[in-house]
Amino acid sequence: MALVTLTIDGKKVEIEEGATVLEAARKAGIDIPTLCFLEDINEIGACRMCVVEVKGTKALQAACVYPVSNGLEVHTNTPLVRASRRLTLELLLSNHPYECPTCIRNLNCELQALAEKLGIREVRVPGIREEFKVDDSTPSIVRDPNKCILCRRCVAVCEQIQGIKAVAPMNRGFKSVVTTAFQQPMADVSCVLCGQCTLVCPVGALYEHDDIDKVWKALADPDKHVIVQTAPATRVTVGEMFGMEPGTISTGKMVAALRRLGFNPVFDTDFAADLTILEEGSELIERLEHGGKLPLITSCSPGWIKFIEHFYPDLLDHLSTCKSPQQMFGAIAKTYYAQKVGVDPSKIVVVSIMPCTAKKFECRRPEMNSSGFQDVDYVLTTREFGRMVKQAGIDWNSLPEEEYDDPLGVSTGAGAIFGATGGVMEAALRTAYELVTGKTLERLDYNEVRGLEGIKEATVDFDGLQVKVAVAHTLSNARKILDRVKAGEVNYHFIEIMACPGGCLGGGGQPIPTNTEIRKKRMAAIYEVDKNMPLRKSHENPAVKMLYEEFLGKPLSHKSHELLHTHYTPRPKY
Amino acid sequence: MGEQACACEEKYKEIEEAIGEYKGDRSALIPLLQKTQRLFGYVPRAVQVKIAEELGIPLTDVYGTVTFYSFFSLKPKGKYNIQCCNGTACYVRGAPKVIERFEKELGIKAGDTTDDGKYSLQVVRCLGACGLSPTIMVNQDTHARMKPDKVPEVLKKYV
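Since this is a predicted model, take the numbers as computed values, not measurements.

### A few points about the overall build of chain A
Part 1: Regarding its fold elements, chain A presents 18 helices and 17 strands.
Part 2: Taken over C-alpha atoms, the radius of gyration comes to 25 Å for chain A, in line with the 25 Å a tight globule of 574 residues would show.
Part 3: A buried classification covers 61% of the 574 residues belonging to chain A.
Part 4: Residue pairs in contact within chain A that sit at least 24 positions apart in sequence constitute 73% of those at least 6 positions apart.
Part 5: With an accessible surface of roughly 22,300 Å², chain A has 51% of that area assigned to carbon and sulfur atoms.

Here is the structure:
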């Protein structure tokens with residue numbers, strides 16, 4: 001592509017044709033403030049924070065959408081630019097509640113940070129404020145339009161990444177509000193609760209439903225036996241809550257922090273991920289050998305499950321009947337583990353630390369009571385867990401590295417990679433290969449299913465049996481794959497689908513910010529965790545083997561079906 | 001879908017046929033909404049769902065469009081639809097007082113319809129007749145240089 005040269009604040013910048021002034025400025029190390037801008041997803045020049053002076057044009061231009069051209073002369077720091085940005089921000093603030101100290105996004109709010117950056121000490125315009133009802137109708141996401149600055153990032157993510165557009169701007173002028181169709185409660189529309197909107201919201205208008213206080217209460221109750229499980233993807237992201245570099249592996253510190261919060265014992269969802277592989281791998285083999293419904297599609301991601309229930313209910317019998325690892329863990333904890341330690345399951349409280357807002361919905365599904373109780377009681381997102389640690393006054397940096405407890409804390413590298421797109425597939429292939437062929441797998445890394453490409457395909461040789469697999473992340477990619485399956489254009493045997501970009505490491509409950517660069521670092525860390533594990537195949541997990549010997553019998557046994565498998569519910573699209 | 005009972009089965013049939021002609025064509029959204037509005041006097045929810053389904057677009061896009069343009073309404077309009085312009089010219093020449101008087105005379109707020117289904121009151125901008133401001137329209141009739149005191153007189157013409 002041709003290069004063009006422009007001048008920004010007197011500095012010559014060379015950049016590819018088609019780039020924007022914002023990109024050129026960033027390349028030159030010149031900071032232009034943005035608010036509605038979200039790289040590749042929301043580039044609409046709506047908020048006017050990024051305005052600059054472009055020589056030869058009458059009005060100020062939005063840098064995020066203004067294309068570069070040869071000889072362009074741009075000024076980013078003139079009295080006019082500063083005055084305009086200030087006034088824009090003051091107008092936004094005039095319609096924003098001043099609740100910063102009690103807001104969930106306090107100290108991690110882009111509006112607040114901009115006000116500080118631009119030195120706003122006074123808002124000169126008293127604004128008219130519409131009063132909107134806060135929508136707390138789902139167990140996962142809270143929507144507070146009073147704090148919304150109408151940047152449309154949530155709309156863009158929901159439409160472009162997830163292919164749903166559960167929310168969009170309604171009305172006009174002062175009455176504009178980002179809401180659902182017919183302004184229904186979120187619980188009544190086809191929102192899948194993935195929480196991607198909560199990751200991109202610059203303010204506190206969309207956020208996770210906070211369950212911290214319920215967990216504190218359980219921990220303080222001497223009558224309760226409170227145990228915890230940690231999802232695969234949380235160990236490579238939780239450090240970010242404490243200022244650590246994205247991609248820092250914090251497994252040991254997380255375990256130590258959980259013990260100090262009062263969880264005892266501290267277990268690992270990775271154990272249940274290994275268990276899932278045994279069940280799901282066996283299900284795949286059974287469907288392959290006995291002419292069952294193919295392709296088999298994974299069922300770990302609750303946002304994905306809600307999506308297929310709403311949008312492709314006719315394909316529900318393709319789903320694996322396996323519960324997600326979180327729910328398998330809960331069912332095993334309140335049966336097998338309860339028996340083993342001799343604790344009445346009614347006294348056991350299972351808390352999950354999850355990268356996900358949809359998990360809060362999943363644990364409350366009526367099917368998830370196989371133990372006779374709600375199998376998982378409370379789900380905390382990575383963000384909530386981070387806040388809880390801060391509330392407890394625990395100094396993250398000085399925490400030692402500690403180990404998970406036995407037996408439900410024992411896991412393999414295959415369990416760990418569930419946190420990345422392609423991970424469940426890879427873990428399943430490692431096990432299924434050995435179960436089908438009876439041979440030892442030489443090369444453990446299935447690189448063809450790794451990485452951030454939207455849809456990945458591979459054909460795997462199981463000793464003559466060619467198994468065709470596909471992996472998709474984000475629901476817009478899921479849509480593409482399902483449409484092909486429906487049209488009979490593809491003949492996969494096995495498909496992995498994760499709702500969130502990058503898989504769980506980019507989940508809606510992960511630390512803010514989460515973007516492509518950060519996702520890549522987290523992904524590298526996940527595969528590092530896998531590489532460093534002594535065992536890397538789920539069927540070699542000694543605690544899972546013991547669970548089958550002592551309790552379940554074998555994969556797909558009657559007891560397995562009772563505790564570890566589930567069914568799905570068609571839901572309306574509108 | 002909870003729509004009020006009316007002789008609208010035929011209307012539904014007509015609009016469904018029209019929607020059917022534009023399957024998968026998202027650019028047909030506004031023309032179809034216009035047709036619905038003309039046919040029903042408003043855009044029923046069931047029709048919005050049908051449009052979303054057939055055109056293959058999110059329901060939020062349909063509802064968002066309906067709520068964005070003042071031409072569309074979510075509630076059935078009265079026999080006489082009173083549109084009071086509150087654009088800049090009408091505004092500075094006293095439109096708010098005219099609107100206030102209509103609200104008082106009709107006993108409804110702007111955006112509503114009287115219980116007998118006779119009058120709807122709407123605030124719009126701009127009718128494109130700034131030279132006649134403040135301007136109002138009752139169905140297709142234009143009334144120029146409105147004053148609050150002219151309101152009862154105008155209403156008498158529409159019974």
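Additional details are given in the paragraphs that follow.
### Observations regarding the interface of chain B and chain A
Part 1: Taken together, the contacts link 17 residues of chain B with 18 residues of chain A.
Part 2: Here chain B packs against chain A, burying approximately 1,400 Å² in sum over the two surfaces, 61% of which is carbon and sulfur.
Part 3: Between chain B and chain A we count two salt bridges in total.
Part 4: The closest approach of N and O atoms between A:Lys165 and B:Asp61, which form a salt bridge, is 2.4 Å.

### Points about the sheet that holds strand β2 (residues 119-124) of chain B
Across a sheet, paired strands are connected by hydrogen bonds in the backbone, their directions being either parallel or antiparallel.
Residue and element names in this part refer to chain B.
Part 1: The strand order across the open sheet formed by four strands is β2-β1-β3-β4, and the pairing between neighbours is mixed. Since the sheet does not close on itself, it has two edges, and those belong to β2 and β4 (141-143), each with one partner. Sheet twist, expressed as the average angle between the axes of neighbouring strands with direction ignored, equals 20°.
Part 2: Direction of pairing for strand β1 (residues 80-85) relative to β2: parallel, over a ladder of six bridges. Across the sheet, Tyr80 pairs through a bridge with Tyr119, a residue of β2.

### What about helix α3 (residues 110-117) of chain A?
Since the α-helix advances by 3.6 residues per turn, residues separated by three or four positions end up pointing in the same direction.
All names here are of chain A.
Part 1: Listed in full, the buried residues belonging to α3 are Leu111, Leu114 and Ala115. One face of α3 carries all of its buried residues, which in axial projection span an arc of 100°. With respect to the buried face of α3, the exposed residues turned more than 90 degrees away are Glu116 and Lys117.
Part 2: Buried residues along α3 sit against α2 (79-94).
Part 3: Looking at the residues trailing α3, positive phi occurs at Gly119, about 65°.

### As for the packing of helix α1 (residues 9-20) of chain B against helix α3 (residues 45-55) of chain B
Residues and elements named next belong to chain B.
Part 1: Direction vectors running N to C along α1 and α3 enclose 20°, while the axes themselves pass 10 Å from each other. By the angle class used here, α1 and α3 are roughly parallel. Between α1 and α3 lies a crossing whose hand is right-handed. Within the contact between the two elements, α1 uses Tyr12, Ile15, Glu16 and Ile19 and α3 uses Ala46, Val47, Lys50, Ile51, Glu54 and Leu55.
Part 2: Here the residues of the contact of α1 with α3 are counted per class, giving seven nonpolar, no polar and three charged.

### Brief notes about the packing of aromatic side chains
Part 1: Summed over all chains, the structure comprises 16 aromatic pairs over all chains.
Part 2: Considering the side-chain rings of A:Phe182 and B:Tyr63, the 4.7 Å spacing of their centres and the 45° angle between planes classify their relative orientation as tilted. Of this pair, A:Phe182 sits in the loop between β8 (177-179) and α5 (196-200) while B:Tyr63 sits in helix α4 (residues 59-68), placing the two residues on different chains. An identical accessibility class is assigned to A:Phe182 and B:Tyr63; each is buried.

### Some details on the side chain of A:His473
Residue and element names in this part refer to chain A.
Part 1: Topologically, His473 is positioned in strand β16 (residues 465-473).
Part 2: Given a relative accessible area of 4%, His473 falls into the buried group.
Part 3: A polar contact is formed between the side chain of His473 and the backbone nitrogen of Gly502, at a distance of 2.7 Å.
Part 4: Apart from the residues within four sequence positions on either side, His473 is in contact with Thr421, Leu452, Glu453, Gly454, Met498, Cys500, Pro501, Gly502 and Gly503.

### Quick notes on a negative patch on the surface
Residues and elements named next belong to chain A.
Part 1: A cluster of acidic side chains, namely Glu16, Glu23, Glu39, Asp40 and Glu43, defines a negative patch on the protein surface.
Part 2: Mapping Glu39 onto the fold places it in the loop between α1 (21-27) and β3 (51-54).
Part 3: In this structure Glu39 comes out as exposed when scored by relative accessible area, which is 53%.

### A look at the pattern of salt bridges
Residues and elements named next belong to chain A.
Part 1: Scanning the entire structure with this criterion turns up 54 salt bridges over all chains.
Part 2: Between Arg235 and Asp268 there is a salt bridge, with the nearest N and O atoms lying 2.6 Å from each other. On the criterion of sequence distance, the pair formed by Arg235 in the loop between β10 (225-230) and α7 (251-261) and Asp268 in strand β11 (residues 266-268) is long-range, its members being 33 residues apart. The pair Arg235 / Asp268 is uniform in exposure class, with both members buried.
Part 3: Salt bridges sharing partners connect three or more residues here, namely Glu426, Arg430, Asp445, Arg450, Asp530 and Arg536.

### What to know about α2(A)
All names here are of chain A.
Part 1: The end-to-end C-alpha separation of α2 is 22 Å, in line with the 22 Å expected for 16 residues at 1.5 Å each.
Part 2: Of all the residues in α2, the buried ones are Val81, Arg85, Thr88, Leu89, Glu90, Leu92, Leu93 and Ser94.
Part 3: Packed against the buried residues of α2 are β3, β5 (73-75) and α3.

### Quick notes on the domain arrangement of chain B
Part 1: Domain assignment breaks chain B into domain 1 (9-68) and domain 2 (80-156).
Part 2: With centres defined by C-alpha atoms, the gap from domain 1 of chain B to domain 2 of chain B works out at 28 Å.

### Concerning the sheet that holds β11(A)
Residues and elements named next belong to chain A.
Part 1: Spatial strand order, β11-β10-β13-β14: four strands in an open sheet with parallel pairing. Only two strands of the sheet have a single neighbouring strand rather than two, namely β11 and β14 (378-381). Strand-to-strand twist across the sheet, computed as the mean angle between neighbouring axes with direction ignored, equals 25°.
Part 2: One ladder, built from three bridges, connects β10 with β11; its direction is parallel. Counted as the bridge partner of Gln229 is Phe267 from β11.
Part 3: Helix α8 (residues 269-289) rests against β10, β11 and β13 (348-354) of the sheet, and its axis sits at about 35° to β11.
Part 4: Contacting β13 and β14, helix α12 (residues 382-391) runs over the sheet at an angle of about 85° to β14.

### Regarding the domain arrangement of chain A
Residues and elements named next belong to chain A.
Part 1: Taken as a whole, chain A is organised into domain 1 (3-92), domain 2 (130-209) and domain 3 (221-564).
Part 2: Here the C-alpha centre of domain 2 lies 28 Å away from the C-alpha centre of domain 1.
Part 3: When domain 1 packs against domain 2, close to 750 Å² is buried across both sides, 67% of that on carbon and sulfur atoms.
Part 4: The largest contributions to the domain 1 side of the interface with domain 2 come from Leu35, Leu38 and Ile41, which together make up 56% of the buried area.

### Observations concerning the pairing of strand β2 (residues 11-16) of chain A
All names here are of chain A.
Part 1: Two strands pair when backbone bridges link them, and strand β1 (residues 3-8) and β2 are joined in this way by six bridges, in the antiparallel orientation. Residue pairing in the sheet places Val4 in a bridge with Ile15 of β2.
Part 2: As consecutive antiparallel partners, β1 and β2 are separated by two residues, and within that stretch Asp9 has a phi angle of approximately 50°, a positive value.

### Comments concerning unusual backbone geometry
Part 1: Here the bond from A:Leu294 into A:Pro295 is cis, since omega is -5°, no more than 30 degrees from zero.
Part 2: Looking at the secondary structure, you find A:Pro295 in the loop between α8 and β12 (296-297).
Part 3: The omega torsion across B:Ser133 and B:Pro134 is -10°, close enough to zero to call that bond cis.
Part 4: Within the element layout of this structure, B:Pro134 appears in the loop between β2 and β3 (136-138).
Part 5: Of note in the backbone geometry, A:Leu150 takes a positive phi value of approximately 60° without being a glycine.

Here is what the cut-offs are and how they apply
Residues numbered from 1 in each chain as written. Chains lettered and ligands numbered in written order. Predicted model: local features only at pLDDT ≥ 70, side-chain atom pairs only at ≥ 80, totals over all residues. Heavy atoms only, no water. Helix = DSSP H or I, 4+ residues; strand = E, 2+ residues; numbered from the N terminus. Rg over C-alpha atoms; globule rule 2.2 N^0.38 Å. Buried < 20%, exposed > 50% of the residue type's maximum accessible area, 1.4 Å probe, protein only. Contact = heavy atoms within 4.5 Å. Areas by Shrake-Rupley, 256 points an atom, 1.4 Å probe, with all protein chains shown as cover. Buried area = accessible area lost by both parts, 1.4 Å probe. Salt bridge = Lys/Arg side-chain N within 4 Å of Asp/Glu carboxyl O. Pairing = 2+ DSSP bridges. Axes fitted to C-alpha atoms, helices over the stretch in contact; angles between N-to-C directions. Arc of directions from axis to C-beta. Parallel < 35°, antiparallel > 145°, perpendicular 65-115°, else oblique. Left-handed = near helix turned anticlockwise from the far one by under 90°. Nonpolar A, V, L, I, M, F, W, Y, C, P; charged D, E, K, R; others polar. Phe/Tyr/Trp six-rings, centres within 6.5 Å; stacked < 30°, edge-to-face > 60°. Polar contact = N/O pair within 3.5 Å; in protein donor to acceptor, adjacent residues only side chain to side chain. Patch = residues over 30% accessible without salt bridge, like charges linked within 9 Å, V, L, I, M, F, W, Y side chains within 5 Å. Lys, Arg positive; Asp, Glu negative; His and termini not counted. Charge placed at Lys NZ, Arg CZ, Asp CG, Glu CD. Expected span 1.5 Å × (residues − 1). Domains from an automatic or database assignment.

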